[in-house]
Amino acid sequence: MSNKIGVYICHCGNNISEYVDVERVRDSIENEKGVHIARTTMFACADSAQTEIIDDIKDNALDGIVIASCSPKLHLQTFREVAKRAGLNPYNYVQVNIREQGSWAHSDDPEGATEKAISLVKAGIGRTRFSKSLEHFTISAKNSVLIIGAGIAGMRAAIELAEMGTRVYLIEREHFVGGRLSQWGVLCSLNETGKELISRIYKRLKELDNITLFTGAEVISKAGSSGNFEVEIKITPRHVKTKCDPEGLQKAIDACPVEVPDEFNFYLTNRKAIFKNFDSEFPEAPVINMENCNRCGECLKYCDSIDLDQKTEIIKLEIGAIQVCTGFDPYEPKEGEFGYKTIDNVITLQQLKRLVELNEKQLFLNGKQIHNIAFIYCVGSRQFGKINGNNQYCSRYCCTVAIHSSLIVGKKYNDISCLHFTRGVRTYGKQELIYDEASQKGDIFFHFDENSPPTVEKSGNKTIVKVNDVYTDQIELGVEADLVVLVSGMIPRKDNSVVAILKTPVGRDGFLNEIHPKLRPVETVIDGVFISGAAQGPKNIEETVNSTLSAASKVNALICNEEIKLEPTIATINEETCEWCGKCLEACPFNAISQITHNGKKIASIIETNCKGCGICTPVCPVDAIDIIGYTNVEIESMIIELAK
Amino acid sequence: MTNPGPKILVFSTEKISDPAIDLAGLLKMHYQARAYTIIVPCSSAIKPRWVMFAFEQGFDGVFIAADGTDCPYDTACTDKTAQILTNTQKQMKERGIDPARLKMAAICSVCSEPFVKYIKSFSEYLSQNN
């Protein structure tokens, strides 16, 4: 029971106070029973505010606190730590959500939001009055992780976690590792290609015995909870055994009569049904895509490593945590957007990157040599004004990649000039140096705004890019281009079926949503599921690796001790009223109830290590003899009384 | 004075439906301010006496934002929550309370839009049948 309660109502900058009259909330609750202190605070989570709360608890011997601020998913632990630091049991603290379920949900109704906040705070005070001091208990957890996606984010996380002693299952939907990075040539600020970097990482990965890699693999189900997940993985066969004679395999590839557009080269070339994207790709064996294969059997004549009858497998894994590193898709312009697919020399930035890899001494597209390139920026990103689309975010990496590509093209082919049609160049940080280098090289930069995007038109055999250039007082300029490159950004994965299985929230932009972008940037509201890399929003390689190592640390911190601290909010039996009937035992999914004899009477008893505090046993008791600590009748009903007033 | 509209008590679940309600706020998806949430661990843990108590105290409706098939505790959660609903509605009938004033729907952790739609339509029903 708490009788000396401190109540703090947070402005959250103006996130709350723009719509909720926080001073009125304070005035309305300061005389509530048990309230000793009532204050408003600009940011309850700020160090200075935390210190003030700690001082209040100590100076006034408070035995309970209520903080009305954001969702408990964000700061429950923060404020429990505040309570602990002040010597108060953390379970004598109650957080009231007046932001996500108050000011933001009712920003159209400030009066309603304020009234609601008053009721919610009163309910929180009511609950605090009946709160009890509790201690954590622990459950065993598996020190193993499922990492979804074997691009640079997934591979780096796998290595890091494996080196810290965690068992790693790394799965990749494609049959080769490396993700997008393996498609890129020389990387900005490195003298190393994407595939070289991936090869280096892969070799390290193979040295670690506690990493198991599954390619052609995807999650099809998830059960359990943090520390003890069970997942099912579907593994599509590659139809080529790993040990095979390279010469025979090459003959088999040559003999394959099927040709389909090659997604690895963004459809600039074709590939066979049996294929490998490049020689040094990993795993070493090629794959047969059975959606393309016509089962003609030609390949079987040259290679006995091929097995067209391999079957899809489903395996089950038991893991303690999940890290999602599923990356991004490049934005593909709509037909006709800046001439894409309607004018034959208009391609995307990603296609240019592959084109440069495919052309050695001179740059050709459709048999025509390229002497100048026009880059049009922000295609599929920053879609405001007269630029149609819902992608309002900046894709962060594309300015740098476009300018870097211009430098690569300049160095590789000598005689190519580059023109850039930008909306302001965003080569932030050290990347600014390449912008300067491109300017020194002689690249020309034009500037357009969102209400006057450039146009790409065909005039006879010529392709003309026209722009109203901001730098020259909106004068319309027209230039002829051999090649138009649409600098297209990042979008969320088109096939994001894993999201539906894991139930990780996505934001308005369609990327995976973290709990808090600044304070908890790799955690999700699903305990034990972490996100990293471009799956949660546009990132360059550096930022991706920063994010993935951060997530790996969080995974390790969660499961490395093979036990997880759990809330002490477990079931409790009223020994006086319980008359053993066994209904609670039938209802319990965790075998957490046993029958004991107490004072000569058979009653139910809770096995604390098994109980997960779900409360499923409580409504089935015919004499109402079970409660969940923290959700007792008196606590819930005290809240209902306050909310109903 | 204008009618402020019906008062709804929402039972949400800590890991599944409450994140969806938070997400609705984050996305500024508006719904009636007189919908108040109490978080429980699992929708199969809601006691009928709490629902009946809410009606006694003057709530116009109770909405159970259930875990459904996403329940992290029990694969039979949907059936168990439905059983709680049935038992409670029986008690409501006995006390002359319209059973439709208790509503249940499965709300997954990203079901912010369905949640808002349910609350709006439930609120409308309660207003029309007050």
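The structure reproduced in this document is the subject of the present report.

Basis of the calculations
Residues numbered from 1 in each chain as written. Chains lettered and ligands numbered in written order. Predicted model: local features only at pLDDT ≥ 70, side-chain atom pairs only at ≥ 80, totals over all residues. Heavy atoms only, no water. Helix = DSSP H or I, 4+ residues; strand = E, 2+ residues; numbered from the N terminus. Rg over C-alpha atoms; globule rule 2.2 N^0.38 Å. Pairing = 2+ DSSP bridges. Axes fitted to C-alpha atoms, helices over the stretch in contact; angles between N-to-C directions. Disulfide = S-S within 2.5 Å. Buried < 20%, exposed > 50% of the residue type's maximum accessible area, 1.4 Å probe, protein only. Contact = heavy atoms within 4.5 Å. Buried area = accessible area lost by both parts, 1.4 Å probe. Salt bridge = Lys/Arg side-chain N within 4 Å of Asp/Glu carboxyl O. Polar contact = N/O pair within 3.5 Å; in protein donor to acceptor, adjacent residues only side chain to side chain. Expected span 1.5 Å × (residues − 1). Core = buried A, V, L, I, M, F, W, Y, C linked by side-chain atoms within 4.5 Å. Domains from an automatic or database assignment.

**Here's the deal with the overall build of chain B**
Then, number 1: For chain B, the count of helices and strands is 4 helices and 4 strands.
Then, number 2: What you see in chain B, going N to C, is helices and strands ordered as β-α-β-α-β-α-β-α.
Then, number 3: Computed over its C-alpha atoms, the radius of gyration of chain B comes to 14 Å, within 12% of the 14 Å expected for a compact globule of 130 residues.
Then, number 4: Expressed along its principal axes, the backbone C-alpha trace of chain B runs to roughly 40 × 35 × 20 Å.

**Thoughts on the sheet that holds strand β26 (residues 475-480) of chain A**
Residue and element names in this part refer to chain A.
Then, number 1: Here 3 strands make up an open sheet; going across it, the order is β24-β25-β26 and the pairing antiparallel. Looking at which strands have only one partner, the edges of the open sheet turn out to be β24 (455-459) and β26. Between one strand and the next, the sheet's axes are offset by a mean angle of 30°, whatever the strand orientation.
Then, number 2: Examined bridge by bridge, β24 and strand β25 (residues 462-469) share 5 bridges and lie antiparallel to one another. In the sheet register, K458 faces β25, and the bridge partner there is T463.

**Here we look at the state of the cysteines**
Residue and element names in this part refer to chain A.
Then, number 1: Within the structure shown, the criterion is met by 1 disulfide over all chains.
Then, number 2: The thiol of C12 is unpaired, and the distance to the nearest cysteine sulfur, on C10, comes to 5.1 Å.
Then, number 3: Overall, the relative accessible area of 11% leaves C12 in the buried class.

**Describing the interface of chain B and chain A**
Then, number 1: Contact with chain B, which involves 47 residues of that partner, is made by 52 residues of chain A.
Then, number 2: Summed over both partners, the interface of chain B with chain A comes to about 4200 Å²; 61% of that surface belongs to carbon and sulfur atoms.
Then, number 3: The three residues of chain B that bury the most area against chain A are B:K47, B:W50 and B:Y73, which together make up 14% of that side's buried surface.
Then, number 4: In this structure, the connection of chain B to chain A is made through 7 salt bridges.
Then, number 5: Note that A:K73 is salt-bridged to B:D22, the shortest N-O span being 3.3 Å.
Then, number 6: Taken together, the links from chain B to chain A amount to 22 residue pairs in polar contact (both at pLDDT 80 or more).
Then, number 7: Put simply, the parts of the chain that give the side of chain B that touches chain A at least two residues each are β1 (8-13), α1 (17-26), β2 (35-40), α2 (48-57) and α3 (77-94) of chain B.
Then, number 8: Among the elements that take part in the side of chain B that touches chain A, α1(B) stands out by supplying 7 residues, more than any other.

**A look at helix α13 (residues 541-559) of chain A**
Residues and elements named next belong to chain A.
Then, number 1: Over its 19 residues, α13 runs 27 Å from end to end, which matches the ideal 27 Å to within 8%, given 1.5 Å per residue.
Then, number 2: Here α13 has its buried residues at E543, T544, V545, S547, T548, A551, A552, V555, N556 and I559.
Then, number 3: A distance of 3.2 Å separates the backbone nitrogen of E542 from a side-chain oxygen at the start of α13, and that oxygen is part of N540.

**Brief notes about the nonpolar core**
One recurring pattern in soluble globular proteins is that nonpolar side chains are buried together.
Then, number 1: Ranked by size, the top nonpolar core spans 92 residues in total, and within it A:V7, A:I65, A:I640, B:L9 and B:F11 carry the most contacts.
Then, number 2: Considering every element that reaches this core, the biggest residue donor is helix α5 (residues 110-129) of chain A, with 7 residues.
Then, number 3: Two domains each donate at least three residues to this core, and these are domain 1 (5-132) and domain 5 (567-629) of chain A.
Then, number 4: Those residues within four positions of B:L9 in sequence are excluded, and the remaining contacts are A:I640, A:L643, B:Y36, B:I38, B:A54, B:F59, B:G61, B:V62 and B:F63.
Then, number 5: Formed by 56 residues, the second largest nonpolar core is a distinct cluster that contains A:F375, A:Y377, A:I434 and A:V484.

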